[in-house]
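Chain and residue survey
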Amino acid sequence: MATTEIAQERRIVTEIPGPRSRALQERRGRAVAQGVGSVLPVYVRGAGGGIVEDVDGNALIDFGAGIAVTNVGNAAPAVVERAAEQLSRFTHTCFMVNPYEGYVEVCEALNRITPGDHEKRSILLNSGAEAVENAVKVARSATGRSAVVVFDHAYHGRTNLTMALTAKNLPYKQGFGPFAGEVYRMPMAYPYRWPTGPENCGPEAARQAIDQIGKQIGAANVAAVLVEPIQGEGGFIEPGAGFLPAIAEFCRANGIVFIADEVQTGFARTGDMFACEHEGVVPDLIATAKGIAGGLPLAAVTGRAELMDAVHAGGLGGTYGGNPVACAAALAALETIESGGLVERAREIGATLLNRLHALAEKHDVIGDVRGRGAMVAVELVAGAGDTAPNTEALAEVVRHCHSQGLILLTAGTYGNVIRLLPPLVIGDALLDEGLSILEDAFARL
Ligand SMILES: *Cc1c(COP(=O)(O)O)cnc(C)c1O
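Residues numbered from 1 in each chain as written. Predicted model: local features only at pLDDT ≥ 70, side-chain atom pairs only at ≥ 80, totals over all residues. Heavy atoms only, no water.

As recorded in an unreviewed UniProt entry, the chain goes by the name (S)-3-amino-2-methylpropionate transaminase, listed as coming from Nocardiopsis mangrovi.

Dropping the structure here:
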């Protein structure tokens, strides 16, 4: 199976987006619902490594990885080969009708690589939101309790339950209610904006959350605490040290299921296979998706056997969940992550990003905070020195410049003032450096 090698070089031959992309964008307006947005409407012809090629012949540097999905790269050779082989044998039977080995193999792999050496079980699904919903179903069924605790700045998806779990109204929730009940939101350990300073943030935030859970819900009524170990859409908020261990310990002491939403942080992204490992936290259930299958739609819940197996027969499932082609892709992606040393590569990328961004922050007062781990790094823009008011104007200018130069860059944050960097873990150093130079230039132009 010959895959087209994509030259690992930025190449800009038209304005961005070019004429063909603009024509497609016009056509799209007459066919695609307006509610679906696109960060940068250059229409894609091919992608691989750290490059996305568009229909006008431009080659852009990819600092987005399709929102932390193509960790192993786009059309990664091993993924293409294994998925194509599966594609030619059978495309679907529905695991609930006639099962197949690939599904079992992916579950075995997830049980092996997720934190903790306890007995585990997994279930496969189609999307991150579906994984989070199923984790909550399992927790409620196993505990016989209904309350679910989530945090400020959380993002968990766009279905009815996961909208309720998500913090931010616009654009995710506006007009889409009423939302699912028994969801309670607690303060998040956000070091940069913690009133008494980042060093106090973790323990204080945990104490506040635990106190409020006790007073507002009653620990005995809580089925699950659900948290992203580094918040994604919320702005790459890495909770203050000690926060996650304290919350996990509180859950253990009160029979509450601790669910880690590692949909964005999983599969080597943060320089660990899973972000929970950083502080040695072992979640009871872990929801995964995005980076799991090199771009094919797949998601999973993995967790303690006694919780997962508490659900009655037939209580979990779905028509497409664990599609055989997606499973084949996942097995190839996991093998690529492990044999390709991508956990270590994510740490290297992180060191490069943090080095240059910390230096950049010295020069520009609008950079309030640089944070993140591995290849999941963010820059938070503020009004200036000593003024932490969110600066969305500077953000828009920086992003506009980067996009015009062919650097794919995403934003995030409750206040919409965070630039997030999520390069594929197979990006080369030259492209990484060039992308950072474009970003530096964008700040110099402000
Ligand atoms: C993207 C994301 C989701 C939702 O995943 P979908 O596949 O878009 O449904 C849930 N949680 C986190 C942390 C995410 O980043």
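1. Quick look at the overall build of the chain
Note the cut-off: Numbering goes from the N terminus for both helices and strands, where a helix is a DSSP run of H or I of at least four residues and a strand is a run of E of at least two. The globule rule used for comparison is 2.2 Å times the number of residues to the exponent 0.38, while the radius of gyration itself is calculated over C-alpha atoms. Throughout, exposure labels follow a simple rule: accessible area from a 1.4 Å probe, protein chains only, divided by the maximum for the residue type, with under 20% read as buried, over 50% as exposed, and the rest as partly exposed. In what follows, residue pairs with any heavy atoms lying within 4.5 Å of each other are defined as contacts. Accessible surface is estimated by sampling points in the Shrake-Rupley manner with a 1.4 Å probe; for residues, cover comes only from the protein chains shown. For the purpose of counting charges, residues Lys and Arg are taken to be positive, whereas Asp and Glu are taken to be negative. His and the chain ends are not included. By convention, the charge on Lys lies at NZ, on Arg at CZ, on Asp at CG and on Glu at CD.
On a plain count of helices and strands, the chain comes out with 13 helices and 16 strands. Relative to the globule expectation of 22 Å for 446 residues, the C-alpha radius of gyration of the chain, 21 Å, shows essentially globular dimensions. Overall, the C-alpha framework of the chain stretches about 60 × 60 × 45 Å when taken along its three principal axes. By the burial criterion, 54% of the 446 residues in the chain qualify as buried. In the chain, once contacts between residues fewer than 6 apart in sequence are set aside, the share between residues at least 24 apart is 72%. If you sum the accessible surface of the chain, you get close to 18,200 Å²; carbon and sulfur atoms cover 51% of it. Across the chain, the centroid of the 36 positively charged side chains sits 5 Å from that of the 50 negatively charged ones.

2. Topic: the side chain of Gln-264
How we decide: In protein, a polar contact means a hydrogen-donor-capable atom and an acceptor-capable atom, both N or O and within 3.5 Å, with residues adjacent in sequence counting only if both atoms are side-chain atoms; elsewhere, any N or O pair within 3.5 Å suffices.
Along the chain, the position of Gln-264 falls in the loop between strand S8 (257-261) and strand S9 (285-288). Here the side chain of Gln-264 touches Glu-233 through a polar contact of 3.1 Å, side chain to side chain. A polar side-chain atom of Gln-264 sits 2.9 Å from a polar atom in the side chain of Arg-420. Those residues within four positions of Gln-264 in sequence are excluded, and the remaining contacts are Ile-67, Ala-68, Gly-232, Glu-233, Phe-236, Arg-269, Lys-290, Met-376, Arg-420 and Leu-422.

3. Some remarks on the sheet that holds strand S3 (residues 59-62)
Hydrogen bonds along the backbone pair up the strands of a sheet, which may run parallel or antiparallel. Let me state the cut-off plainly: Strands are treated as partners if at least two bridges between them are detected by DSSP. All axes here are fitted lines through C-alpha atoms, helices being fitted over the stretch that makes contact, and every angle between N-to-C directions spans 0 to 180 degrees.
Ordered in space as S1-S2-S3-S14, the four strands form an open sheet in which the pairing is mixed. Looking along the sheet, the strands with just one partner apiece sit at the ends: strand S1 (44-48) and strand S14 (407-408). Relative to the sheet, helix H13 (residues 429-444) contacts strand S2 (51-54), S3 and S14, its axis offset from that of S3 by approximately 90°.

4. A few points about the domain arrangement of the chain
Selection rule: An automatic or database domain assignment provides the domain bounds reported here. A simple way to read buried area is as the amount of 1.4 Å-probe accessible surface that goes missing from two parts once joined, with both sides added.
If you check the domain split of the chain, you get domain 1 (19-62 + 341-444) and domain 2 (78-339). Computed over C-alpha atoms only, the centres of domain 1 and domain 2 are separated by 25 Å. Between domain 1 and domain 2, the residue contacts involve 32 residues of the former and 29 residues of the latter. Roughly 2,500 Å² of surface becomes buried between domain 1 and domain 2 when both sides are summed, with 52% attributable to carbon and sulfur atoms.

5. Remarks on the environment of Gly-64
You can see Gly-64 is positioned in the loop between S3 and helix H2 (65-68). Spatially, the C-alpha atoms of Gly-64 and Leu-395 are 16 Å apart, while their sequence positions differ by 331 residues. Look past the residues within four positions of Gly-64 in its chain and what remains in contact with it is Ile-408, Leu-410 and Leu-422.

6. Focus on the site of the ligand
Note the cut-off: The criterion for a residue being near a molecule or strand is simple. One of its heavy atoms has to lie within 4 Å of it. Three categories are distinguished: nonpolar for Ala, Val, Leu, Ile, Met, Phe, Trp, Tyr, Cys and Pro, charged for Asp, Glu, Lys and Arg, and polar for the others, with Gly belonging to the last.
As a matter of local geometry, the ligand sits amid Ser-127, Gly-128, Ala-129, Tyr-155, His-156, Glu-228, Asp-261, Val-263, Gln-264 and Lys-290. A distance of 2.8 Å is found between an oxygen atom of the ligand and a backbone nitrogen or oxygen belonging to Ala-129. Contacts to the ligand include Asp-261, whose side-chain N or O atom sits 2.7 Å from a nitrogen atom. Contact with the protein chains hides 82% of the accessible area of the ligand, taken as 380 Å² for the molecule alone. Partitioned by chemical class, the residues of the shell around the ligand number three nonpolar, four polar and three charged.

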